[in-house]
Amino acid sequence: MSESAIRIDVVSDVVCPWCFVGKRQLEQALERWQHDHPDQPVEVRWHPFQLNPDLPAEGIAIIDFWAAWCGPCRSFAPVFAESAEQNPDVKHLKVDVDANPALSGAFGVQSIPTTVFMRDRVMLGSVPGAMGAPQLASILQQVRDLDMEAVRAETAAQSGDQA
């Protein structure tokens, strides 16, 4: 007797690192399920959702996770604003962690301020704590200098996908 397929609908952000971890965990669980239940079909339907629609599809984005009550956040604000003025080709975004706890969690923010660096919708890293202008400029230059094809290939190799 054939059983009807188990249907799983997944709403996931293709950029979010935590969504990616969840995808890997789901794939592993499905492998175990299909091993134990070979006659039970499973249908997974993916529905993309963008946690932060302000992120550019291409180019560099810097996200400042902050809160109004945070002293170091307030001291970093002028440095971040100056960077935005000096680098008009870079999208500078500010996320209030109190107003956007889910977004903060999706990016793994554990302390504030935290600055997240992205390029071509790939999260490259984050820096907790307030930075000075020279440190922010140095990290931004490193992001500009990255070979994104190599980054994508390394990410695919680490996740077991083919580039």
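As the structure is a computational prediction, the values presented were derived from the model and not from experiment.

Undergrad: Break down helix α4 (residues 133-145) for me, with residues and values.
TA: Its 13 residues place the ends of α4 18 Å apart at the C-alpha level, agreeing with the 18 Å of an ideal helix rising 1.5 Å per residue. Of the residues making up α4, those classed as buried are L136, I139, L140 and V143. The arc enclosing the buried residues of α4, seen along the axis, measures out at 100°, which places them on a common side. Turned more than 90 degrees away from the buried face of α4 sit P134, Q142 and D145, all of them exposed. In this structure, the buried side of α4 is in contact with β3 (60-66), α2 (71-86), β5 (114-119) and β6 (122-128).

Undergrad: Just give me the short version of the environment of I63, but keep the residues and values in it.
TA: Looking at the element boundaries, I63 is found in strand β3. A C-alpha to C-alpha distance of 7.0 Å links I63 and V95, two positions 32 residues apart in sequence.

Undergrad: So what's going on with the nonpolar core? Residues and values would help.
TA: Within the largest apolar cluster, 14 residues are counted, with the highest numbers of intra-cluster contacts made by I63, F65, V95, L103, F107, V116 and M118. If you list the elements that add at least two residues to this core, you get β3, β4 (91-96) and β5. Here this core takes 3 residues from β3, the largest share from any one element. Setting aside its immediate chain neighbours within four residues, V95 contacts I63, D64, F65, W66, N100, L103 and S104. Core analysis: the next-biggest nonpolar cluster, separate from the first, contains 13 residues, I62, F76, M131 and V143 among them.

The rules behind each value
- Residues numbered from 1 in each chain as written.
- Predicted model: local features only at pLDDT ≥ 70, side-chain atom pairs only at ≥ 80, totals over all residues.
- Heavy atoms only, no water.
- Helix = DSSP H or I, 4+ residues; strand = E, 2+ residues; numbered from the N terminus.
- Expected span 1.5 Å × (residues − 1).
- Buried < 20%, exposed > 50% of the residue type's maximum accessible area, 1.4 Å probe, protein only.
- Arc of directions from axis to C-beta.
- Contact = heavy atoms within 4.5 Å.
- Core = buried A, V, L, I, M, F, W, Y, C linked by side-chain atoms within 4.5 Å.

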